[in-house]
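# Geometric and topological summary
Residue strings, one per chain:
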Amino acid sequence: MNLYKYVSDEINKKLGFEAKLETPKNRDFGDFSTNAAMVGAKLAGKNPRELANEIMPKLQELDFIENVSVAGPGFINIKIKDDFIFQNANAPKPIKAEKPLIIDMDYGAYNVAKSLHIGHLRTSIVGDTLNRIFRFVGHKPISYNHMGDWGRSMGLVIAWFQKLHPDWPFFKEDFDINGDYSKYTVSSKELNTYYPSAAALAKQDEAFMEKARIITAELQHGHPGYTALYNMYMPISLESMNETIKKLNILPFDNDLGEKNAAKYEEEVEKILREKNLIEKSDGAEVIVVKKASDTAPMPPMMFRNSRGACPYDATDIMAIYYRKITDNPNKIIYLTDSRQSLHFEQLFRVAELADLFPIENLEHIGYGTINGKDGKPFKTRDGNAAELNDIYDMVNEAVRVRIAESKKNLDEETINSIALAALKFNDLMHDLSSDYIFEPNSVTSFEGKTGPYILYTAVRLNSVLKRAGADIVKPEKFDLSVEERNLLIEIMDFEHMILSAYENRATDMVANYAYDLCQLINNFYHNCPILRDDIDDKTKAGRLYIAKLAFNTLATAIDLMGLKIPNEM
Ligand code: ARG
């Protein structure tokens, strides 16, 4: 049961108007408090405290209410009956949405021939959890790994191939598309260095940059040699991406359709834009002006076609909206990237509106902050380079191994990997998305405090009690609750309210914080309410086991939403 919603609806029904229910942090005075007396006093032109005295007896008539009391200027505290709590608490189940929405989710969005780096951590982890949350609350997310597989970066990669292997057939005038080129290949490790190396060179060497621009345009226009080369390295890059995705335990993407796929719709989209007179010439390029008279901040135009005739990142994003509209016809499209791309999405959404491609109110960009090192600057590895995602994973994994060795535990590989993953992901999820956070491999792997390993440890320990208890766990008809049991059940009954708010607010930190609070309550329960000890009578044992099972299932649901795995032992 969603306790918050139940109590709120019943109170509003009883009083005949909408009041707001609050959940106080400290539950000593009540489980909830309502501003009903204040709202009612305003409606009736009365004094709130006076009205509270009229409202209280009415609320007292509700059969789930134990008692009510007034506080402050007229807040009414409400305490719920223990038996009501015990009877109605249940483990979370997926929710049916009143109106299920098709939601295209654009996250991950990795780049070909460039390994995943720290900037992809949040889009992957948070994107995956949002996807799971959306499903849980009854919507239909369709995930897109909108790959960087078509823009300037491809020209740079091909130019780099040419620099290393000028004699390869792909670069010859007389390239024969029917030839066998299977011996021309590259390892994924090597390939991942191509884009960064080429980009660095292009920064200093304008001739090389110009060459990359030309190659990009030629590739986009079907140059046979470049196309064959592209088709050779593309699957190699995808494979290494998929390895990292698997390691992170994120759901497989529904689509790997990125920039290249979108670019197929260039003609159709151009026609729409031209009909609306949206394309303008500018220094040999073609752009779309999105500035409004009311803008105070700079609002540059969007690039539709660059001066070499290539279709840039901006343009493929416009085409991707068109593609999604004609295929999924989604209710919403949500993008998850670093907040530094906010301007790009603002421009894009304006184009969608101007061209009538998609309702602007259903386009959403979620921008996230940077992951910093202890010095407050973007996290770098010891050698001063931007950290790759694999390096970060390895760092955390190593820190977990050190801790486990220190505590003389003997855990298998799979368990160690689950703990490392939990350390990394939970730390990412628990922070407010829009702010930066400091990443410190040692603290995130602690088994105590607000960490992933602490969450897993709590789950493993509770599960081992349930396993030891063995027999079927049946709900007793009646059970007297201790404070710890009561607090734990109320938290369990708050799951649905929490997950709906997490959905509304696109706030994965709500799930992480909930999991942590739940663990605190589980541990209080664990320490104060022994279950399998010899001196515990059967009735108490049955009630506690039942509560333990609900708590475990609730925690396991939260853990699953965060894309973590509970090990067998820890
Ligand atoms: N590939 C881009 C990057 O790594 C992110 C793409 C985000 N999605 C989009 N539709 N623009 O920066």
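In this text, all values refer to a predicted model and were calculated from it rather than measured experimentally.

This part covers the pattern of salt bridges. Taken as a whole and judged by the stated rule, the model has 28 salt bridges. Residue R132 pairs with D560 through a salt bridge whose shortest N-O separation is 3.8 Å. Note that R132 is positioned in helix α5 (residues 119-136) and D560 in helix α21 (residues 538-561), a separation of 428 residues in sequence. You can call R132 buried: its relative accessible area is 11%. On the basis of relative accessible area, D560 is assigned to the partly exposed category, the value being 45%.

Bringing a negative patch on the surface into the picture now. There is a patch of like negative charges on the surface, built from D383, E388, D391, D394 and E398. Note that D383 resides in the loop between β12 (371-372) and α14 (389-406). On the basis of relative accessibility, which here comes to 57%, the residue D383 falls in the exposed class.

Another point: the sheet that holds strand β6 (residues 140-144). Spatial strand order, β6-β5-β10-β11: 4 strands in an open sheet with parallel pairing. Of all the strands in the sheet, the pair left with one neighbour each is β6 and β11 (363-368). Taking each pair of neighbouring strands and ignoring which way they run, the sheet shows an average axis angle of 20°. As judged from the 6 bridges shared by strand β10 (residues 332-338) and β11, these two strands associate in the parallel manner.

In the vicinity of the ligand, the contacting residues are D106, A109, N111, H120, H146, Y313, D317, Y335, T337, Q341 and F345. Residue A109 places a main-chain N or O atom 2.9 Å away from a nitrogen atom belonging to the ligand. Contacts to the ligand include Y313, whose side-chain N or O atom sits 2.7 Å from a nitrogen atom. Burial of the ligand by the protein chains amounts to 86% of its free accessible area of 350 Å². Taken together, the residues of the shell around the ligand sort by class into 4 nonpolar, 5 polar and 2 charged.

Scoring rules and cut-offs
- Residues numbered from 1 in each chain as written.
- Predicted model: local features only at pLDDT ≥ 70, side-chain atom pairs only at ≥ 80, totals over all residues.
- Heavy atoms only, no water.
- Salt bridge = Lys/Arg side-chain N within 4 Å of Asp/Glu carboxyl O.
- Helix = DSSP H or I, 4+ residues; strand = E, 2+ residues; numbered from the N terminus.
- Buried < 20%, exposed > 50% of the residue type's maximum accessible area, 1.4 Å probe, protein only.
- Patch = residues over 30% accessible without salt bridge, like charges linked within 9 Å, V, L, I, M, F, W, Y side chains within 5 Å.
- Areas by Shrake-Rupley, 256 points an atom, 1.4 Å probe, with all protein chains shown as cover.
- Lys, Arg positive; Asp, Glu negative; His and termini not counted.
- Charge placed at Lys NZ, Arg CZ, Asp CG, Glu CD.
- Pairing = 2+ DSSP bridges.
- Axes fitted to C-alpha atoms, helices over the stretch in contact; angles between N-to-C directions.
- Near = heavy atom within 4 Å.
- Polar contact = N/O pair within 3.5 Å; in protein donor to acceptor, adjacent residues only side chain to side chain.
- Nonpolar A, V, L, I, M, F, W, Y, C, P; charged D, E, K, R; others polar.

So far we have only geometry, and geometry alone does not tell us how the molecule works.
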